Amino acid sequence: MARRRIPNRLLIPVALALTALAGCSSLPKEPVADSEPARRSSSFHALGDKHLRAGRFEKACTFYEQALALNASIDDLSGVARAFSSLGRARLNAGKIDEAEIDFRCALDSAADLRDPTQAARALTGLGEVALHRQRAEEARSWIERGLRLSLPESSVQRTILRHDLGSATWMAGDVEGAEEHFRQALVLNEALGNRIGIAADCYSLARLVDESGDPDQARLLARRALRNDKRAQNPRGVAEDLSLLASLAERQGNATAAADYHRRAQLAWQSLGRSAPVENKGAGR
């Protein structure tokens, strides 16, 4: 079914949304029930997610901004927080670190009075990842540990992401053993949830970590497992990252044939996303 055109007045820029939401104590504590704007917002959000997974970050931002406008138009605080976090995620992936931080802080403010801690956890995760991108390990740990103190179910996806990111911050701070423990805890949780993308992310980070620790064989096995799970989940960026890692591992192990094959496949995967392979930062994770 064709989407109805959104009036221009509803397509408010994020800067205006920040001003409108500055005093969020007056907003409702519960999302507005299934309404037409809420349904349309959900559709826009789903489109944003699709473009985000495909690496089209600017397009993702466009749809998330439309979702934000619709949620703000009906004072849906949960939807506003979700949209801000998603905008932050897209901008963080696009390298717009300062803008992403603003989005995540607005998401955290919007989620302050919600009974469900999920949106606050998403915002805190984002702020932790902003700090990781800035190579600020202790600041990242502070945000992430604050998220882990929320009353999230132990088996929730958001808790597994926080646990994974705590591993990244711990590794960045130089504690390799502690980082491995956090990554493996996140992996156990993701395995219990059947979360393929989470399993792939944990295996990818573990592969990088154990390779640095001097266990290339285990690193190769973990990287292959990451690739299998990302392929099954049809996660394009994850597939590209896994192939790049496998190419690097094969190269360092002197397997020129495998390295050339993985490099070729990785190049094609990155080209499909409209970009080249990024430089890896220890602890930054994914």
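Structure shown above.
Every value quoted in this text rests on a predicted model; they were computed, and no experiment measured them.

How two aromatic rings sit relative to each other is given by the distance of their centres and the angle of their planes. Counted under the stated rule, the structure contains 2 aromatic pairs. Centroid distance F44 to F63: 6.2 Å. Interplanar angle 25°. Geometry classified as stacked. On the criterion of sequence distance, the pair formed by F44 in helix α2 (residues 36–53) and F63 in helix α3 (residues 57–73) is long-range, its members being 19 residues apart. The exposure classification of F44 matches that of F63, with both residues buried. Ring centres 6.5 Å apart and planes at 90° place the aromatic pair W171 and F183 in the edge-to-face group. Within this pair, whereas W171 is found in helix α8 (residues 157–172), its partner F183 is found in helix α9 (residues 176–193), the two being separated by 12 residues in sequence. The pair W171 / F183 is uniform in exposure class, with both members buried.

As a further point, take the pattern of salt bridges. Under the defined criterion, the tally for this structure stands at 19 salt bridges. Across the pair E101 and R105 runs a salt bridge whose closest N-O atoms are separated by 3.1 Å. A residue pair is termed a helical-turn pair when its members lie 3 or 4 positions apart in one helix, as E101 and R105 do in helix α5 (residues 97–110) at 4 residues. On the basis of relative accessible area, E101 is assigned to the buried category, the value being 16%. On the basis of relative accessibility, which here comes to 38%, the residue R105 falls in the partly exposed class. Salt-bridge contacts for E101 lead to R134; the nearest nitrogen and oxygen are separated by 2.8 Å. With E101 in helix α5 and R134 in the loop between α6 (118–133) and α7 (137–148), the pair connects residues that are 33 residues apart, well separated along the chain.

The next thing to look at is unusual backbone geometry. Excluding glycine, residues mostly have negative phi values, and the peptide bonds linking residues are mostly trans. For Q135, which is not glycine, the phi torsion reads 65° and is therefore positive. On the secondary structure map, Q135 appears in the loop between α6 and α7. Residue classification places Q135 among the partly exposed residues on the basis of a relative accessible area of 44%. Although it is not a glycine, Q234 adopts a positive phi angle of roughly 55°.

This part is about the environment of L166. You can see L166 is positioned in helix α8. Overall, L166 belongs to the buried group, its relative accessible area being 4%. L166 sits 21 residues away from E145 along the chain, and the two C-alpha atoms are 7.5 Å apart. Discounting residues that sit within four places of it in the chain, L166 has contacts with R141, I144, E145, L148 and H182.

Calculation notes
Residues numbered from 1 in each chain as written. Predicted model: local features only at pLDDT ≥ 70, side-chain atom pairs only at ≥ 80, totals over all residues. Heavy atoms only, no water. Phe/Tyr/Trp six-rings, centres within 6.5 Å; stacked < 30°, edge-to-face > 60°. Helix = DSSP H or I, 4+ residues; strand = E, 2+ residues; numbered from the N terminus. Buried < 20%, exposed > 50% of the residue type's maximum accessible area, 1.4 Å probe, protein only. Salt bridge = Lys/Arg side-chain N within 4 Å of Asp/Glu carboxyl O. Contact = heavy atoms within 4.5 Å.

Interpretation in functional terms is not warranted from these geometric data alone.
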